[in-house]
Amino acid sequence: MQDADTKFDPDLAELPQGKWRAELQAVSEDHGFFESLGKKHFAAHVRRGDTLIVSFESVQGMQALTSGAEPLGWTFVRQENWSSLCIAADGDTWFRDPDVIGLFDRLVDDGFFDDFETVLFYGAGPCGYAAAAFSVAAPGARVVTIQPQATLDARLTEWDTRFIEMRRTDFATRYGYAPDMLDACAQAFVVYDPLEQLDAMHATLFATAGAVPLRMPRMGNALQGDLVRMRILTPLLIQAASGALDQSSFAKLYRARRTFLPYLRRLMVALDGAKRTELTYLLAHNVAKRINAPRFVRRHAEIEAQREAAQQTDEKNDTDAQEG
């Protein structure tokens, strides 16, 4: 096993695509292994401690969501002395590739996952589907999946019209229907916004398989990025790995939304749309007091002006009625 005192501080940021992959490969080979999986996928393993995070990620997501343009698991290599196995895709592939399936078959045959006390599978969207689907390769693993699809097999999810181009892809054979692949896991969590109808419908399919729902209402359809920006994705995954994550502990983490302006703006728009002026006023007043939020200051002032105008109108009407 890699010495925990060995420095691990690669920096892949701002490298051209070819150099980025070459450097990622070199770092992985120095600390574990790297394997190309056909034209669109690769696996990068960094060996450290006895907790392993298996992250399914897109190349584009890695480069957009982390300051170091690196696999998400490398944060935990540095901070928690975890091991990392990143399965990466160029684009949204749902990892339905014989080479990816073959890799997990070999890892199972080699007893790779048996070397770790704790295994955590993680992914979001198409990568969330894969995290759930391939978790069956490591019985007893824990799973955190954000806005996952259960399957894109049109016979089961023809109501999901977002990914029509994937309907010819085989989701019926091995590692196919993701909720069924959770049978052997220790715990599974599905993070989603219940107001995003299609995400919520997929989440229901996972819930029937025993996954615990973690709801983020009014957060929208880009939850992974929001969790990163609120700085709660890392503690969420640490709690999941330790077995401490549940709906109560997630609710405490999710309090970060109280200072997260994108969420607060969406909430104000929803209240305005529902003509809940009094609640909008209270929200704008509360936010304007706590954080620098000019939009909320303006909305608060607008409602106050409307109130004053209405009061003046009422007073004038009362005066006119008395004089009449």
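Since we're looking at a predicted model, the values are computed, not measured.

S.K.: How would you sum up the overall build of the protein chain? Please name residues and give values.
M.R.: Scanning the protein chain from N- to C-terminus turns up 13 helices and eight strands. Its C-alpha atoms give the protein chain principal-axis dimensions of roughly 95 × 50 × 40 Å. When each of the 324 residues of the protein chain is scored for burial, the buried share is 48%. The long-range share in the protein chain, meaning contacts at least 24 apart out of those at least 6 apart in sequence, stands at 66%. Total accessible area computed for the protein chain in this model is approximately 15800 Å², and 47% of it derives from carbon and sulfur atoms. Computing the positive centroid from 35 side-chain charges and the negative centroid from 45, the protein chain places the two 5 Å apart.

S.K.: An account of helix H7 (residues 197-207) is requested, with residue identities and associated values reported.
M.R.: Asp199, Ala200, His202, Ala203 and Phe206 are the residues of H7 that are buried. Looking straight down H7, one finds its buried side chains confined to an arc of 160 degrees; they lie on one side. Those residues of H7 that are buried lie in contact with helix H5 (126-134), helix H6 (154-157) and strand S7 (187-192).

S.K.: Explain the nonpolar core residue by residue, including any values.
M.R.: In this structure, Phe56, Phe104, Phe113, Phe121 and Phe134 are the most contacted members of the largest nonpolar core, which totals 48 residues. Leave out the neighbours within four places in its chain, and Phe56 touches Ile87, Phe95, Phe104, Phe121, Tyr122, Gly123, Cys127, Ala130, Ala131 and Phe134. One finds Ala124, Ile232, Leu237 and Phe260 within the second-largest nonpolar core, a separate group that totals 38 residues.

S.K.: So what about the packing of aromatic side chains? Which residues, and what values?
M.R.: Applying the stated criterion across every chain, the model contains 18 aromatic pairs. The side chain of Arg96 reaches across the aromatic face of Phe171, ending 5.8 Å from its centre. Seen from the ring of Tyr281, Arg307 lies directly overhead, with NZ or CZ sitting 3.8 Å from the centre.

S.K.: Tell me about the pairing of strand S6 (residues 142-146), and name the residues and values.
M.R.: Along S6, four of the five residues are buried, which leaves the element largely enclosed by surrounding structure. Looking at chain direction, strand S5 (residues 118-124) and S6 are connected through five bridges and run parallel. Bridge pairing in S6 links Ala124 to Ile146. Following the chain from S5 across H5 to the adjacent parallel S6, one finds a crossover that is right-handed. Bridge count between S6 and S7: five bridges; the pairing is parallel.

S.K.: A description of helix H11 (residues 261-273) should follow, citing residues and the corresponding values.
M.R.: In this model, H11 (13 residues) spans 18 Å end to end at C-alpha, consistent with the 18 Å of a helix rising 1.5 Å per residue. Positive phi shows up at Lys275, right after H11, with a value of about 60 degrees.

S.K.: Pulling in residues and values, what's your account of a positive patch on the surface?
M.R.: A cluster of basic residues, Lys252, Arg255, Arg258 and Arg290, forms a positive patch at the surface. By the secondary structure assignment, Arg258 is in the loop between helix H10 (247-253) and H11.

S.K.: If you had to explain the state of the cysteines to someone new, which residues and values would you point to?
M.R.: Inspection of the entire model under this criterion finds zero disulfides. Free cysteine Cys86: the closest other cysteine sulfur is in Cys127, separated by 8.7 Å. We classify Cys127 as buried; its relative accessible area is 9%.

S.K.: With reference to specific residues and values, describe the pattern of salt bridges.
M.R.: The tally for this structure, following the rule as stated, stands at 12 salt bridges. It is possible to trace a salt-bridge network through shared partners that takes in Asp160, Arg162 and Asp199.

S.K.: Before we move on, can you summarise the layout of surface pockets with the specific residues and values?
M.R.: Taken as a whole, the largest pocket holds about 840 Å³ of empty space. Taken together, 39 residues form the lining of the largest pocket, with Leu65, Tyr122, Gln224, Gly225 and Val228 sitting closest to its centre. Broken down by secondary-structure element, the contributors of at least two residues to the lining of the largest pocket are strand S3 (51-58), helix H2 (59-65), helix H3 (73-80), S5, H5, helix H8 (223-229) and helix H9 (233-242). The element contributing the most residues to the lining of the largest pocket is H8, with six residues. Tallied by class, residues from the lining of the largest pocket come to 17 nonpolar, 14 polar and eight charged.

Procedures and definitions
- Residues numbered from 1 in each chain as written.
- Predicted model: local features only at pLDDT ≥ 70, side-chain atom pairs only at ≥ 80, totals over all residues.
- Heavy atoms only, no water.
- Helix = DSSP H or I, 4+ residues; strand = E, 2+ residues; numbered from the N terminus.
- Buried < 20%, exposed > 50% of the residue type's maximum accessible area, 1.4 Å probe, protein only.
- Contact = heavy atoms within 4.5 Å.
- Areas by Shrake-Rupley, 256 points an atom, 1.4 Å probe, with all protein chains shown as cover.
- Lys, Arg positive; Asp, Glu negative; His and termini not counted.
- Charge placed at Lys NZ, Arg CZ, Asp CG, Glu CD.
- Arc of directions from axis to C-beta.
- Core = buried A, V, L, I, M, F, W, Y, C linked by side-chain atoms within 4.5 Å.
- Phe/Tyr/Trp six-rings, centres within 6.5 Å; stacked < 30°, edge-to-face > 60°.
- Lys NZ or Arg CZ within 6 Å of the ring centre and 35° of its normal.
- Pairing = 2+ DSSP bridges.
- Right-handed = clockwise from strand over helix to strand, strands pointing away.
- Expected span 1.5 Å × (residues − 1).
- Patch = residues over 30% accessible without salt bridge, like charges linked within 9 Å, V, L, I, M, F, W, Y side chains within 5 Å.
- Salt bridge = Lys/Arg side-chain N within 4 Å of Asp/Glu carboxyl O.
- Disulfide = S-S within 2.5 Å.
- 1 Å grid on protein atoms, 1.4 Å probe; cavity = no way out; pocket = protein on both sides within 12 Å on 5 of 7 lines; lining within 4 Å.
- Points joined across faces, edges and corners; volume = space filled by probe spheres on them.
- Nonpolar A, V, L, I, M, F, W, Y, C, P; charged D, E, K, R; others polar.

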